[in-house]
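Examining the three-dimensional arrangement
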Amino acid sequence: MSLELPAEIFYGGDYNPEQWSREVWHEDMRLMREAGVNLVTLGVFSWTNLETSEGHYDFGWLDEIFDLLHENGIGVDLATATASPPAWLTKAHPELLPVNAAGTRLAHGGRQGYCVSSPIYKRKAAELASELVKRYGSHPALKMWHINNEYGCHNPLCFCEVSAENWRIWLKEKYETLDALNRAWGTNFWSQRYHQWDEINPPRQTPDGTFPNPTQMLDYRRFSSDQILDLYLAEKAAIRAVDTIHPITTNFMSMKHSMNIDYWRWASEVDFVATDHYLIAEDPENYIDLAFQADLTRGFASGKPWLLMEHSTSAVNWQERNLAKADGEMLCNSLTHVARGSNGSMFFQWRASVSGSEKYHSAMVPHAGEDSRIFRNVKQLGEELQKLTEIAAHPTEKAQVAMVFDYQSWWALAQRNLPTTSIDYPELAHDWYRALWKLGVRVDFVSPDASPLVLAQYRAVLMPMTYMLSEQQERKFAEYVSQGGSLVASYFTGISNLDDTVKLGGYGGALVRESLGVLVEEFAPVRQTERVLLSNGAFGTEWAEFAKATTAEVVATYQDGVSAGSAAIAKKERSWYIGTRLDEASLMSFFDDFSLELQLEKRGGNGVEVIRRGSYEFAIDHTQKTFVWSQIND
Ligand code: GAL
């Protein structure tokens, strides 16, 4: 068995048999077979049922379930059960509970209640993983390992004393000297200079109306993402010490606002990329966010197949209004993921719970039972996926355009003292993606550290608000442009280096100044209720600038507002600079011209997406909630 994602199409979901009687287990097997389920994720939240007190393990029920699944031809994605520590552990070691920025230690009772720097949690989690691998590592039903669950979902940052100690160690490794740290953080401001390492604390809550040092905050996010990665690596090492044949992964979260983990950094540590995606129910075009997240996930996987580990058959139970999916919607969602590279469609969860916090979350087997709309859809999807098994070995067709997506810039843009609080990094990236999606232009995602070789495969690279760029990154993108690549950068791109120190001599540094030929002198944010008219008839919102084209040609100037007459959109050779947040119609017209000029391939549009994977072409009509797929020859 290889350490990659097997070339199969997986179908199933989180299975929580500990919530049910043995009689139900047998019914589950029958229904799983009927639905075509071939993989279930076991044990995500089972720690307390597997280790009932310190060192006392009860694997009896899991043994039984493993065998039952195997007899029924169903594979297991075994979770290490470490997503939520049991009450006996937090009672014995309350110091492993997380502390918030205000210094309050949070209570046991929800989930993911642990400090990401806790040595006790780390040791106990690795011990449990170790016990599980010894017991199930060679079970014939085992297909893959699923470490923890959605790391960083509820406890991304902890501000306790143990975290503070680890933080100082991390800082010493990064900066070596206090001088270097003081320089990077700009501590000669507001009397923040440090003279001893132990004066430095996590960026805890500061007096009202003030904010922690922005670079300190940025580093704390980097540190916390690294601490969480260490937890993952400790469990991974425990498994690898025994089982060298099954792939190991953890489920990422691909949701519009999940910003806590730098998945570009994590992607190389998983044997294959897996993710969870939930629709934003109130967004009538939520299938575009789905496409965005699936494409981003394929980016983490470097274009290779990945696995959708969770989504929902219908409503979730954690949004304001949990809308049910329309007929056909769940099938369209699943096939969009498959077309965009997922080797299957997995759900949270197999059977809807009758108690606990998620009892109103949809499942593959709903409360209504098998004679239901949902279960009929589930069976239909199972049949559809069985016809597509051959696709699993093939990647999704490469796009001609790549968008840079950068967690580091996102983190830096999360500070609250920016020129406008209207800044929302993922929103702008979504604006651009949405316009291209509607035009039928596909987009891949790349990290700001993508190699020149990777960039060279694309006709165009998009940089919506890539706020931080190191000199090296800046040079790489400049080289891409000088070699004939087409770059589209927005306002607030390339503003600071990786320490969040502003580059002088024109905002946007050398990339905007030289490669794009624009000198940005001053920002001129727009009132929330207003928009600015541009000379080409376009409208901008949120942001305007005092800028002039030096070596670029002006495509449009601001017609009104304080910066009237300044360059709003500029073009140099095949690259563009956009100095405002264009509204949807203006953005579509911009990208229409852009795709024409670059002669980009267009397929679909108007609510229909057309995607090719291997020899298959999928046409998914999100307005009608219907799909067709066919084999193509070219
Ligand atoms: C995910 C989580 C699942 C379940 C699901 C509900 O965040 O991994 O355990 O809670 O959401 O939508």
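Residues numbered from 1 in each chain as written. Predicted model: local features only at pLDDT ≥ 70, side-chain atom pairs only at ≥ 80, totals over all residues. Heavy atoms only, no water.

**Remarks on the domain arrangement of the protein**
Assigned domains within the protein: domain 1 (10–156 + 228–393) and domain 2 (401–600). Of the residues lining the interface, 22 residues belong to domain 1; the matching set on domain 2 comes to 21 residues. Around 2000 Å² of area is buried between domain 1 and domain 2 when both sides are counted, 63% of it from carbon and sulfur atoms. Of all residues in domain 1, Met259, Trp264 and Phe292 bury the most surface against domain 2, accounting for 34% of the area lost on that side. Inspection of the domain 1/domain 2 interface yields three salt bridges. Note that Glu427 and Lys256 form a salt bridge whose closest N and O atoms lie 3.3 Å from each other. Counting across the domain 1 and domain 2 interface gives ten residue pairs in polar contact (both at pLDDT 80 or more). (Domains from an automatic or database assignment. Contact = heavy atoms within 4.5 Å. Buried area = accessible area lost by both parts, 1.4 Å probe. Salt bridge = Lys/Arg side-chain N within 4 Å of Asp/Glu carboxyl O. Polar contact = N/O pair within 3.5 Å; in protein donor to acceptor, adjacent residues only side chain to side chain.)

**Examining the packing of helix 14 (residues 425–439) against helix 18 (residues 584–597)**
At a minimum axis separation of 9 Å, helix 14 and helix 18 run at an interaxial angle of 60 degrees. Viewed along their axes, helix 14 and helix 18 adopt a mutual orientation that is oblique. As for the relative orientation of helix 14 and helix 18, their crossing is right-handed in sense. Only Glu584, Leu587, Met588, Phe591, Asp592 and Phe594 of helix 18 make contact with helix 14, whose side of the interface consists of Asp431, Trp432, Arg434, Ala435, Leu436, Lys438 and Leu439. Of the residues that constitute the contact of helix 14 with helix 18, the class distribution is eight nonpolar, no polar and five charged. (Axes fitted to C-alpha atoms, helices over the stretch in contact; angles between N-to-C directions. Helix = DSSP H or I, 4+ residues; strand = E, 2+ residues; numbered from the N terminus. Parallel < 35°, antiparallel > 145°, perpendicular 65-115°, else oblique. Left-handed = near helix turned anticlockwise from the far one by under 90°. Nonpolar A, V, L, I, M, F, W, Y, C, P; charged D, E, K, R; others polar.)

**A closer look at the environment of Arg416**
Looking at the element boundaries, Arg416 is found in the loop between helix 13 (407–413) and helix 14. Looking at Arg416, the relative accessible area reads 61%, which means it is exposed. C-alpha of Arg416 to C-alpha of Gly505: the two residues are 89 residues apart in sequence and 24 Å apart in space. (Buried < 20%, exposed > 50% of the residue type's maximum accessible area, 1.4 Å probe, protein only.)

**Focus: the packing of aromatic side chains**
With the rule as written, the count across this model stands at 50 aromatic pairs. Note on Tyr232 and Trp266: the rings are 5.7 Å apart at their centroids and 40 degrees apart in plane angle, and the pair reads as tilted. Of this pair, Tyr232 sits in helix 8 (residues 214–240) while Trp266 sits in helix 9 (residues 263–266), and the two are 34 residues apart along the sequence. Judged by its relative accessible area of 0%, Tyr232 is buried. Look at Trp576 and Phe590: their rings are 5.8 Å apart centre to centre, the planes differ by 80 degrees, and that puts the pair in the edge-to-face class. Here Phe590 lies in helix 18 and Trp576 lies in strand 22 (residues 575–578), a separation of 14 residues in the sequence. Both residues of the pair, Trp576 and Phe590, count as buried. Three or more aromatic residues joined by ring pairs form one cluster here, namely Phe252, Tyr263, Trp264, Phe292, Phe300, Phe405, Tyr407, Trp410, Tyr425, Tyr433 and Phe445. When the ring centre of Trp20 is taken as origin, the NZ or CZ atom of Arg351, which lies over that ring, is 5.4 Å away. Above the ring of Phe539, the side-chain terminus of Arg531 is found at 3.6 Å from the ring centroid. (Phe/Tyr/Trp six-rings, centres within 6.5 Å; stacked < 30°, edge-to-face > 60°. Lys NZ or Arg CZ within 6 Å of the ring centre and 35° of its normal.)

**Some thoughts on the packing of helix 10 (residues 286–300) against helix 14**
As a packed pair, helix 10 and helix 14 sit with axes 10 Å apart at the nearest point and diverge in direction by 105 degrees. When the axes of helix 10 and helix 14 are compared, the pair comes out roughly perpendicular. The residues of helix 14 that touch helix 10, namely those facing Tyr287, Ile288, Asp289, Ala291, Phe292, Gln293 and Asp295, are Ala429, His430, Tyr433, Arg434, Trp437 and Lys438. Grouping the constituent residues of the contact of helix 10 with helix 14 by class yields seven nonpolar, two polar and four charged.

**Describing the site of the ligand**
Around the ligand, the neighbouring residues are Phe45, Arg111, Asn149, Glu150, Asp276, Tyr278, Glu310, Trp318, Phe348, Glu358 and His361. Interatomic distance of 2.8 Å between a side-chain N/O atom of Arg111 and an oxygen atom of the ligand. A per-class count over the shell around the ligand returns four nonpolar, two polar and five charged. (Near = heavy atom within 4 Å.)

**Things to note about helix 14**
Because an α-helix packs 3.6 residues into every turn, residues spaced three or four apart end up facing the same way. Compared with the 21 Å implied by 1.5 Å per residue over 15 residues, the 22 Å span of helix 14 between its first and last C-alpha is a close match. Among the 15 residues in helix 14, 15 count as buried, and that is most of the element. Where helix 14 ends, the next residue or the one after it, Gly440, has phi of about 85 degrees, a positive value. (Expected span 1.5 Å × (residues − 1).)

**As for the nonpolar core**
In summary, soluble globular proteins display a tendency toward joint burial of nonpolar side chains. Core analysis: the biggest nonpolar cluster contains 171 residues, and Phe492 and Phe594 have the highest contact counts within it. The residue makeup of this core includes at least three contributed by each of domain 1 (10–156 + 228–393) and domain 2 (401–600). One finds Leu178, Ala180, Tyr194 and Phe223 within the second-largest nonpolar core, a separate group that totals 16 residues. (Core = buried A, V, L, I, M, F, W, Y, C linked by side-chain atoms within 4.5 Å.)

**Points about the pairing of strand 6 (residues 142–146)**
Burial runs high along strand 6: four of the five residues are buried. Of the pairings in the sheet, the one linking strand 5 (residues 75–79) to strand 6 comprises four bridges and is parallel in character. The residue bridging Ala79 from the neighbouring strand is His146, located in strand 6. In terms of strand pairing, strand 6 meets strand 7 (residues 248–249) through two bridges, oriented parallel. Opposite His146, over in strand 7, you have Thr249 as the bridge partner. (Pairing = 2+ DSSP bridges.)

**Describing the pattern of salt bridges**
In total, this model carries 46 salt bridges according to the counting rule given. Connected through shared salt-bridge partners, Glu285, Asp431, Arg434, Lys438, Glu542, Arg581 and Glu584 make up one network.

**Overview of helix 8**
Taking 1.5 Å of rise per residue, 27 residues should cover 39 Å, and helix 8 covers 39 Å from first to last C-alpha, within 8% of that figure. Of all 27 residues that make up helix 8, 21 are buried, and the element is covered over most of its length. At the N-terminal boundary of helix 8, the capping side chain belongs to Asn213, with an oxygen 2.9 Å from the backbone nitrogen of Thr215.

**Observations concerning unusual backbone geometry**
Note that the residue after Phe348, namely Gln349, is joined by a cis bond; omega there is -5 degrees. As for its placement among the helices and strands, Gln349 is situated in the loop between strand 11 (344–347) and helix 12 (373–386). A positive phi angle, close to 55 degrees, is found at Ser191, a residue other than glycine. Following the sequence through the fold, Ser191 ends up in the loop between helix 7 (178–185) and helix 8. Look at Phe492: it is not a glycine, yet its phi comes out positive at around 60 degrees.

**Concerning the pairing of strand 22**
If a strand is regular, its side chains alternate between the two faces of the sheet. A two-sided burial pattern is seen for strand 22, the buried positions comprising Ser575 and Tyr577 on one face and Trp576 and Ile578 on the other. By the bridge criterion, three bridges tie strand 15 (residues 486–490) to strand 22 in an arrangement that is parallel. Among the inter-strand pairings, Val488 is bridged to a residue of strand 22, identified as Trp576. As judged from the four bridges shared by strand 21 (residues 567–572) and strand 22, these two strands associate in the antiparallel manner. Looking across to strand 22, one finds that Lys572 is bridged to Ser575. Turn length for the strand 21-strand 22 hairpin, with the two strands adjacent in sequence and antiparallel, is two residues, and the turn residue Glu573 shows positive phi of about 50 degrees.

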